[in-house]
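Survey of secondary and tertiary structure
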Amino acid sequence: MDMSRRSALASGIGLAAVPVLAEIAGGGRAEARASSGSAKAPATHKFEMNIEDTSITLVDKQTFHTFAYAGQVPGPLFHVREGDQVEVTLNNLTALSHTIHWHGVLQRGTWQMDGVPGITQKAIDPGETFVYKYVAEPSGTLWYHCHVNVNEHVAMRGMWGPLIIEPKNPIKIEKEVTGDYILMFSEWASAWADKAGQGGLPGDVFDYFTINGRAYPETQPIRVKKGDVIRLRLFGAGEGMHSIHIHGHVFEIVFKDGRPLPAPIEADTVMLGAGERYDVILRCDNPGRWMVHDHIDSHTMNGHTPMGGIMTVIEYEEIPRDDTFYEWSKKEFVPNFYYEESLKQPLGIYTNAVFKGKAIG
Amino acid sequence: MDMSRRSALASGIGLAAVPVLAEIAGGGRAEARASSGSAKAPATHKFEMNIEDTSITLVDKQTFHTFAYAGQVPGPLFHVREGDQVEVTLNNLTALSHTIHWHGVLQRGTWQMDGVPGITQKAIDPGETFVYKYVAEPSGTLWYHCHVNVNEHVAMRGMWGPLIIEPKNPIKIEKEVTGDYILMFSEWASAWADKAGQGGLPGDVFDYFTINGRAYPETQPIRVKKGDVIRLRLFGAGEGMHSIHIHGHVFEIVFKDGRPLPAPIEADTVMLGAGERYDVILRCDNPGRWMVHDHIDSHTMNGHTPMGGIMTVIEYEEIPRDDTFYEWSKKEFVPNFYYEESLKQPLGIYTNAVFKGKAIG
Amino acid sequence: MDMSRRSALASGIGLAAVPVLAEIAGGGRAEARASSGSAKAPATHKFEMNIEDTSITLVDKQTFHTFAYAGQVPGPLFHVREGDQVEVTLNNLTALSHTIHWHGVLQRGTWQMDGVPGITQKAIDPGETFVYKYVAEPSGTLWYHCHVNVNEHVAMRGMWGPLIIEPKNPIKIEKEVTGDYILMFSEWASAWADKAGQGGLPGDVFDYFTINGRAYPETQPIRVKKGDVIRLRLFGAGEGMHSIHIHGHVFEIVFKDGRPLPAPIEADTVMLGAGERYDVILRCDNPGRWMVHDHIDSHTMNGHTPMGGIMTVIEYEEIPRDDTFYEWSKKEFVPNFYYEESLKQPLGIYTNAVFKGKAIG
């Protein structure tokens, strides 16, 4: 690997002098330019990001070596409109090869942008750069991830992030939504935690389980108030199944893989397979403090410690949080953990300091 | 732990002198009182039960230590009507902390009754009592289970039972049902069988698989006759997936998590995730002897012995059972194994001697 | 076992002199006779096949002992019409007992043909013959497999094959289909590869993953052209879950277990449980080279080697295959790997040389 090239990329040298709308710390620069006229005319979203060797730490003890998009797990939020142009300059600063597959994107006429090594492109070698350009379609809850050695790179090295494509013509229930949340479920095998380039073998024991790369109690509450209508975008980002149960409500499963279901399905539990996404709409009509968790019971473990992993709490603002028994009574609230604040911003590409790993090497 | 308190509870001392409608052996007393007037006016169902250290034995050899609600696995049947009041006095006679989460109950205005330790209540410590009071809604196939250290307490210690809430306004197909059956699927890891307070770790090998806590050939047949319309209420009560296949029929999947699907789905196999429930309706139009089993093949093992686990047989009364090759030709029939008899009784809370464990200590 | 009987069966001696429409190499003879009059009058399909000890080799190194129907994995294609009569003479030439369960067939009035040992018949012992006779119904994507010691015989010994029953009254979208493909997903545990009669225990590590018994790169592409409408019949033939993702298209999930869904479901990923089948319809409107793969990442492993297992490629004829980076640029194309050619032939029972194992002993 050409280390001078690597340094140049890391320091941002060599970026084109484009009209930058959002300067993004730690890994990229983004630009968005509407083509003109109507606010809904196709825009072009340009972004440059690195794949970096980083580490993330779960529940204060277990560290994992990650190959992080823009240095973070999950990767940056891509929030664009159906029909927009996306252009991503991807620099591989790690010692292994990678790509990005834009999971769910049709890539009409741009199959070479699909990110599958050996099929649609040569993998991006260390020190190399690849530019992905495509039109964002169809609308909905999509995502992206590495497609090289997926057994290791995806779940175990954190190479995934959300791609939300707003529809030109939203369906009725979408217009009622007051809060939009991204929850990407994944799992980790501590046996391979620091062994970058290895692991992800059949029979591996996954022993850490995360929402957006964090395990309870280091996840964050979902804070709502009565009358809110929240959309929870659930992603099977690793290789495991996840059976997500929400207490105190019957919710509606409205979208699968970004596409509206023929009719919403009422449920209190929704099971996701690897790669699937379900969007559920939940009407906040029942003030309380409500668990959201994976009902695969061992997915609530942090290694050998119970009551962790894939758990969080919907907190209504009508309910004080000061019960002495409440584990999160003194929880420091970190907004935007579910990208809920970024999703209220203008369309664009958003990094998130919350998810930033520690640089390695 | 206060052992005198423990004894008092075990012997039932201290129960309020309420009008008891059903004296229940081995674990509780129940009362139900309709508020007056119409038979469909809300009733109040009161029940007192203990959590007890017990053991259950699978296929005559493998014993598991359970923390059993009312001393049985599954726990008692709660069969109430939408809008009824439920009041459960729960005494913890074991040496570990527990709760009950009423999975699927909305708990409108009663979130502190939701049974999640550290979130909605302090866990119920050994020797302590907690009273759950809530309105039964929504209607449908619900259940209850402990929410403390779910990785161990739920699947491996048998802390689960059925909660059936009859709808005020049943849908058409429900009115056709002639037999109603509860099938709760779960799994067990023999490595931890007698190590109460341990186990349920990521990577554990589950090697026993049960319907209502029993493995084939110790499950029971489902006896029907031509013309019957049976409702099978299927529960993912443990942490595993279960892919339930029924021979000789196309059935309809009508409810998920207690809620009617937008339209019934025809199938011969239905997959359940942890925590999910599916109600299927099967029209008995094909006299024969038909397997019902988990198609996850290793879930038909009893330890290392094949053709056990999650298997049962639908037996039509039109078909003699005397074939010499038939493994159940001399089977002793135990009605109410699927709570099918209790479900024909007036609404109330029913224990079931079939599921009773052996007291420990 | 009576070895002279075994030899006689293997050499085909003793077959009735029936009007044979298709002489089939390596394992059977088939006959089909329409009853007369209309082409759609019920036909009778007769077939004789052996269960044979064979071995198949995955990715040039890992050999598995199989008990193969007609000596092949998957077994022969049964392609008949709803209402047709099927008659299969099954000779067990192996040293263990077996049956065939016709998964999904109603067996109205013929429950003794359902193939469950100890329930509907005595297992077919070594050297014995059993004749299955039944009416093919309902229509759709069905399959067959052994029902003896399913934990070992099904996934690990390859005892499964497709049974496609054409409907008398196809639904609209079926009539648009230009290509029909069978993809049976399964998995293998190399620890037991050569230990016939053992294996399939709880906790086994499955480390090979196949489509129609082959792992990438030894699977075959699906070759289409713009305008094609393809039907992919997906089978959960082993015991694992499979979360099948197709790139570059939104497809429609139209059938579950052979039965039409109330409404098609749009998706880019479909999860199958053991025993389930989903038929998806994909409109070929996007020329390119598109991965089809299991999104359970470790299911793309061949043992410890990444990027194998359950992967294939949809190749449009509009796209040259000569990219130097393309792993299949010099792939030898083997048509009928998905039984797509057999499915265009007249109804009947088809063996497939592609799936033929090597005889053992």
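Residues take numbers from 1 onward in each chain, read along the sequence in its written order. Each chain gets a letter, beginning with A, and each ligand a number, beginning with 1, in the order they are written. Selection of residues for local features in this predicted model requires a pLDDT of at least 70, selection of side-chain atom pairs for listing and counting requires 80 or more, and totals for whole chains, interfaces and linings are taken over all residues. Computation of side-chain values covers all heavy atoms of the structure but excludes hydrogens and water.

Observations regarding the relation of the copies chain A and chain C
Taken as rigid bodies, chain A and chain C are interconverted by a rotation of 120 degrees and an axial shift of 0.0 Å, the fit giving an RMSD of 0.0 Å. Such a combination of rotation and displacement between the chain copies is what one expects of a three-fold axis. Here, residues are in contact when the closest pair of their heavy atoms is within 4.5 Å. Looking at chain A, a mere 4% of its interface residues are interface residues in chain C too, so the copies touch through different faces. Fitting of the copies onto one another was done by least squares over C-alpha atoms, counting residues only where both copies have pLDDT of at least 70.

Points about the confidence of the model for chain A
All names here are of chain A. Each residue gets a pLDDT score, which is the predictor's confidence in that residue and runs from 0 to 100. Taken residue by residue, chain A gives an average pLDDT of 92. The fraction at 70 or more is 90%. Note on residues 1–26: pLDDT under 50 across the span, and 41 contacts to partners over four residues away in sequence or across chains. Scoring the predicted complex yields pTM 0.93 and, for the interface, ipTM 0.92.

Section: the layout of surface pockets
When its volume is computed, the largest pocket comes out at roughly 1,400 Å³. Here a cavity is any set of points on a 1 Å grid over the protein atoms alone where a 1.4 Å probe fits but cannot get out, and a pocket is any open set with protein on both sides within 12 Å along at least 5 of 7 lines; a residue lines the site when it has an atom within 4 Å of a point. Along its surface, the largest pocket is lined by 42 residues, and D204(A), D204(B), E239(B), D204(C) and E239(C) are the ones closest to its centre. Here the lining of the largest pocket is composed, by residue class, of 21 nonpolar, 12 polar and nine charged. If you add up the space inside the second largest pocket, you get close to 770 Å³. Forming the boundary of the second largest pocket are 30 residues, of which I265(A), Y278(A), I265(B), Y278(B) and I265(C) lie nearest the centre. Put simply, Ala, Val, Leu, Ile, Met, Phe, Trp, Tyr, Cys and Pro go in the nonpolar bin, Asp, Glu, Lys and Arg in the charged bin, and everything else, Gly too, in the polar bin. Considering only residue class, the lining of the second largest pocket consists of 24 nonpolar, no polar and six charged. Grid points are joined across faces, edges and corners, and a volume is the space filled by probe spheres set on the points.

Here we look at the interface of chain C and chain B
For an interface, size is often stated in terms of accessible area lost upon the parts coming together. In this assembly, 45 residues from chain C lie in contact with 45 residues from chain B. Put simply, buried area is the surface a 1.4 Å probe can reach on two separate parts but cannot reach once they are joined, added for both. Counting each side, the surface lost to burial between chain C and chain B is near 3,400 Å², with a carbon and sulfur contribution of 65%. When the area that chain C buries against chain B is broken down by residue, the three leading residues are W111(C), I119(C) and P202(C), summing to 21%. In the sections that follow, a salt bridge refers to a side-chain nitrogen of Lys or Arg positioned within 4 Å of a carboxyl oxygen of Asp or Glu. For the pair chain C and chain B, the number of links is three salt bridges.

Section: the sheet that holds strand β9 (residues 140–145) of chain A
Residues and elements named next belong to chain A. Pairing between strands requires that DSSP locate at least two bridges from one strand to the other. Every helix listed is a DSSP run of H or I at least four residues long, and every strand listed is a run of E at least two residues long, numbered separately from the N terminus. Ordered by their spatial adjacency, five strands build an open sheet running β7-β9-β10-β5-β22, and the pairing between neighbours is mixed. In this open sheet, the two edge strands, each paired with only one partner strand, are β7 (101–103) and β22 (348–350). The mean inter-strand angle of the sheet, taken between neighbouring strand axes irrespective of direction, is 20 degrees. Examined bridge by bridge, strand β5 (residues 77–81) and strand β10 (residues 160–166) share four bridges and lie parallel to one another. Considered in β10, the bridge of R81 is made with E166. Axes here mean lines fitted to C-alpha atoms, for a helix over just the part in contact, with angles spanning 0 to 180 degrees between N-to-C directions.

So, unusual backbone geometry
Here the bond from V73(A) into P74(A) is cis, since omega is -5 degrees, no more than 30 degrees from zero. Note that P74(A) resides in the loop between β4 (62–69) and β5. Omega for the peptide link from Y216(B) to P217(B) comes to 10 degrees, which places this bond in the cis form. With respect to the secondary-structure elements, P217(B) resides in the loop between β12 (208–211) and β13 (222–224). Look at M307(C): it is not a glycine, yet its phi comes out positive at around 60 degrees. Even without being glycine, Y339(C) reaches a positive phi, approximately 60 degrees. In this fold, Y339(C) is placed in the loop between β21 (311–316) and β22 (348–350). Categorising residues by exposure relies on relative accessible area from a 1.4 Å probe, with only protein chains included: less than 20% of the type maximum marks a residue as buried, more than 50% marks it as exposed, and the intermediate range marks it as partly exposed. Judged by relative accessible area, Y339(C) falls into the buried class, the value being 0%.

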